[in-house]
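# Notes for the structure review
So you can see what is in the structure, the chains are spelled out below.
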Amino acid sequence: MLGAIVGDIVGSPYEFTRNNIKTTDFPLFSKRSQFTDDTVMTLAVAEALMLCGETITEDKFEANIIRTMRDFGLRYPGAGYGARFSGWLTAKNPQPYSSFGNGSAMRVSPVAWAFDDFKNVERFASVSARVTHNHPEGIKGAQATATAILLARQGKTQAEIKRSIEGLYGYDLSRTLDEIRPKYYHVESCQETVPEAITAFLEAEGFEDAVRKAVSLGGDSDTLTAITASIAEAAWGIPKEIEAEALTRLDQFLRDVLARWETWRGKKNAPATQRTEYDNRQIILGLLEYLTPEQQVKFPSDVRRGDRWFSDDEKELCYKVFNARFDWTREKAEDLIQSLNHLTPAHRAWFPEDVLEGKRGLTSYENQMFHQFGNEEAYAKYGVLTI
């Protein structure tokens, strides 16, 4: 999702025909680089998804997204909304207005990260669009963008993504950027923004290259680049220096929403074989909470904050106190190892190696993850064997 925000910020100085540039040679960030409605509404969609809790339904998401888009929109009234959308933000009874504008595509990227299957990505992309952009082309633009992001997340090649988007949505992706660029102008429809944005991604060789190619087309530069960059992020990730610079252009409220989204998405969607930074922090803090204050101060501040894992000496001290607290024995260790062996290999790989070897018991957070991963047979037979 951050890709859309980066694209919005990078493209913002070049929006409108009078500001369009037709080259990839330009400063990525300048004093004029700022977030616009694309960023605000993207984060509003993310907030709506998070508010759904563990179970996301169409009705719940639709009610949330109307509320969050209006709340965020009124918080940032000068972000650059279109006239009809501005009216929707302040209406007593907001209704969709049959728009096929590119706003539905610019804000949809969180949906493509909230689900891992095509059916739900298409389904909830439609919901995110139809509260305002309920014209078939408006919905299609959102679905095509979200599907391209999902396919990139799944590791599909650019050629495979091209074939899928053409086949599913009927977009003509045969034109090259060199063919599009000379006559392309500021236009705000999905039909004349989404195919061009996807083409910029298809011709790119990396994230920054995709962003520069999108801006070089001209047109509605912030939105077009937001769409391109949202797909490029899924394919290549975002270079750290670009991410860091973009974040400085957000205020604290928007950064807080983004931080909560990264935590929520990490817990919800990270592959079971990969612990997120959030996971590691919760494990470290869970181990330290059973130490006395006098024992905790023996650890460096970055460990006490959960920012890094223990050194060997630090681990030995922490585990000694932690295991003593729960009377950790070899018998309990063998029971834990046996319980973990009932998980799938991917789920087992989520746990730290010392847990898999029975060197310590589970923290409360690891205990929760065990319940999440484990099957009912393992629970009934072995239970949770620690805290």
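What you see is a predicted model, and the numbers here were worked out from it, not measured in a lab.

To continue, consider the overall build of the chain. Along the chain, the regular secondary structure elements total 24 helices and zero strands. Within the span of the chain, comprising 387 residues, buried residues form 53% of the whole. Looking at the chain alone, contacts between residues at least 24 apart form 69% of all its contacts between residues at least 6 apart. Surface accessibility of the chain: about 17200 Å² in total, with carbon and sulfur atoms responsible for 48%.

Turning next to the packing of helix α9 (residues 158-169) against helix α11 (residues 194-202). Helices that pack against each other are described as a pair by the angle of their axes relative to one another and the distance between those axes. α11 packs onto α9 with a crossing angle of 160° between their chain directions and a minimal axis gap of 10 Å. Between α9 and α11, the interaxial angle falls into the category roughly antiparallel. In the crossing of α9 with α11, the sense of the turn from one axis to the other is left-handed. Residues Q158, I161, K162 and I165 of α9 touch α11, and the partners they reach there are I198, F201 and L202. Its residues placed into classes, the contact of α9 with α11 shows five nonpolar, one polar and one charged.

What follows deals with unusual backbone geometry. Residues other than glycine predominantly adopt negative phi, and peptide bonds predominantly adopt the trans conformation. The residue S98 is not glycine, and still its phi comes out positive at about 55°. With relative accessibility at 40%, the residue S98 sits in the partly exposed group. Positive phi, close to 50°, is recorded for D327, a residue that is not glycine. Note that D327 resides in the loop between α19 (312-325) and α20 (330-340).

This part takes up the confidence of the model for the chain. On average, residues of the chain score 88 in pLDDT, and 93% of them are at 70 or above. Of all the helices and strands in the chain, helix α24 (residues 376-382) carries the lowest mean pLDDT, 38, while α11 carries the highest, 97. Note that residues 269-273 has pLDDT below 50 and, in this model, 12 contacts with residues that lie over four places away or in other chains. Contacts from residues 375-387, a stretch scored under 50 in pLDDT, to residues over four places away or in other chains number 30 contacts.

Attention now moves to the packing of helix α7 (residues 118-130) against helix α8 (residues 136-153). Put simply, α7 and α8 touch, their axes get as near as 8 Å, and they point 140° apart. In this view, α7 runs oblique relative to α8, as classed from their interaxial angle. Crossing handedness for the pair α7 and α8: right-handed. When α7 is examined against α8, the residues F118, V121, E122, A125, S126, A129 and R130 are found in contact with a partner set consisting of G138, I139, A142, Q143, A146, T147 and L150. Residues that form the contact of α7 with α8 fall into these classes: eight nonpolar, four polar and two charged.

The tally for this structure, following the rule as stated, stands at 20 salt bridges. One salt bridge connects E196 with R175, and the closest N-O pair in it is separated by 2.8 Å. Of this pair, E196 sits in helix α11 while R175 sits in the loop between α9 and α10 (177-180), and the two are 21 residues apart along the sequence. Residue K213 pairs with D209 through a salt bridge whose shortest N-O separation is 2.9 Å. You can see K213 and its partner D209 sitting in helix α12 (residues 207-216), four residues apart, about one turn around the helix. Given the relative accessible area of 17%, K213 is considered buried. Beyond isolated ion pairs, a larger network of salt bridges with shared partners links E58, E62, R123 and R130.

Within the structure shown, the criterion is met by 17 aromatic pairs. Look at Y14 and F26: their rings are 5.2 Å apart centre to centre, the planes differ by 65°, and that puts the pair in the edge-to-face class. Here Y14 is found in the loop between α1 (2-11) and α2 (37-51), whereas its partner F26 is found in the loop between α1 and α2, with 12 residues between them in sequence. The same class applies to Y14 as to F26, namely buried. Chaining the aromatic ring pairs together yields one cluster made of F35, F72, Y76 and F253. We note R75 situated over the ring of F253; from NZ or CZ to the ring centre the distance is 3.7 Å. A cation over a ring is seen here: R212 above F26, with NZ or CZ 4.9 Å from the ring centre.

Moving on, we come to the nonpolar core. Buried together is how nonpolar side chains tend to be arranged in soluble globular proteins. Formed by 95 residues in total, the largest nonpolar core has its most connected members in M41, L49, F61, V111, I165 and W261. Apart from the residues lying within four places of it in its own chain, the contact partners of V111 are V45, L49, F61, V121, F124, A125 and S128. Counting 26 residues, the second largest nonpolar core, distinct from the first, contains L291, F299, V321 and L336.

Now for the side chain of H186. Its place among the elements puts H186 in the loop between α10 and α11. The class for H186 is buried, based on a relative accessible area of 17%. In this structure the side chain of H186 is engaged in a polar contact, spanning 2.9 Å, whose partner is the side chain of E188. What H186 contacts, discounting residues up to four positions off in sequence, is E15, F16, T17, N20, G219 and D220.

If you check α2, its first and last C-alpha atoms are 21 Å apart, about what 15 residues at 1.5 Å a residue would give, namely 21 Å. Of all 15 residues making up α2, 14 are buried, and the element is well covered by its neighbours. Remark: G53 follows α2 within two positions and exhibits a positive phi of approximately 75°.

What counts, and where the lines are drawn
Residues numbered from 1 in each chain as written. Predicted model: local features only at pLDDT ≥ 70, side-chain atom pairs only at ≥ 80, totals over all residues. Heavy atoms only, no water. Helix = DSSP H or I, 4+ residues; strand = E, 2+ residues; numbered from the N terminus. Buried < 20%, exposed > 50% of the residue type's maximum accessible area, 1.4 Å probe, protein only. Contact = heavy atoms within 4.5 Å. Areas by Shrake-Rupley, 256 points an atom, 1.4 Å probe, with all protein chains shown as cover. Axes fitted to C-alpha atoms, helices over the stretch in contact; angles between N-to-C directions. Parallel < 35°, antiparallel > 145°, perpendicular 65-115°, else oblique. Left-handed = near helix turned anticlockwise from the far one by under 90°. Nonpolar A, V, L, I, M, F, W, Y, C, P; charged D, E, K, R; others polar. pLDDT = per-residue confidence, 0-100. Salt bridge = Lys/Arg side-chain N within 4 Å of Asp/Glu carboxyl O. Phe/Tyr/Trp six-rings, centres within 6.5 Å; stacked < 30°, edge-to-face > 60°. Lys NZ or Arg CZ within 6 Å of the ring centre and 35° of its normal. Core = buried A, V, L, I, M, F, W, Y, C linked by side-chain atoms within 4.5 Å. Polar contact = N/O pair within 3.5 Å; in protein donor to acceptor, adjacent residues only side chain to side chain. Expected span 1.5 Å × (residues − 1).

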